[in-house]
Amino acid sequence: MNSYLNKFKVGGVEVNGFDATNNFITDSIDIDYDWVFSIQTVMSSLTGNPKLTIQCSNDNVNWVNYTSVSTNVDLTNTSNHMIIDDNYPCQFIRLKYEAGGNNGVITLIYKLKR
């Protein structure tokens, strides 16, 4: 079984202690349909009402929100969240982050497993 742990990127820069005061969309990741993924968010100095949405695409051009459960995930209840999916139907994944007045920092980690 193969497994890869990495951080999402924005403009090629790792989202690791990343400024969470502004909205952003991560660079896309090609997960080639047959990977199980997990996403972990780690935030510090949490304020405001930040939210995260998983988006998927089959052509890396047209994007849709993945599921209702993964749309506008509220990041205010805890500084650490985990989202796992073993039935992802798309080839590409990215995250849409909305700051919602947050003045902290965020780290976005993903793990792919076959």
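Residues numbered from 1 in each chain as written. Predicted model: local features only at pLDDT ≥ 70, side-chain atom pairs only at ≥ 80, totals over all residues. Heavy atoms only, no water.

**What to know about the pattern of salt bridges**
One side chain can pair with another of opposite charge once the charged atoms of both are near each other. To keep it simple, the criterion reads: Take a side-chain nitrogen of Lys or Arg and a carboxyl oxygen of Asp or Glu: if they are within 4 Å of each other, that pair is a salt bridge. Accessible area is worked out with a 1.4 Å probe on protein chains only. A residue is then buried under 20% of its type maximum, exposed over 50%, and partly exposed in between.
All told, the structure shown has one salt bridge when counted by the stated rule. E98 is the partner of K96 in a salt bridge, and the nearest nitrogen-oxygen pair spans 3.6 Å. Overall, the relative accessible area of 30% leaves K96 in the partly exposed class. On the basis of relative accessibility, which here comes to 28%, the residue E98 falls in the partly exposed class.

**As for the nonpolar core**
Inclusion rule: Within this scheme, the nonpolar core is defined by two criteria: the residues are buried Ala, Val, Leu, Ile, Met, Phe, Trp, Tyr or Cys, and they are joined through side-chain atoms within 4.5 Å. Only heavy atoms matter for contacts: two residues are in contact if any of them lie within 4.5 Å across the pair.
In this structure, Y97 and I106 are the most contacted members of the largest nonpolar core, which totals 28 residues. In this view, I106 contacts V15, N16, G17, F18, A20, F24, V42, M43, L75 and Y97; residues no more than four positions away in its chain are not counted.

**Comments concerning unusual backbone geometry**
Of all residues except glycine, most have a negative phi; of all peptide bonds, most are trans. Keep this limit in mind: The helix count covers DSSP runs of H or I at least four residues long, the strand count covers runs of E at least two residues long, and both are numbered beginning at the N terminus.
Phi at N60 takes a positive value of approximately 65°, unusual for a residue other than glycine. Phi is positive for N72, close to 55°, though the residue is something other than glycine. On the secondary structure map, N72 appears in the loop between β9 (64-65) and β10 (73-74).

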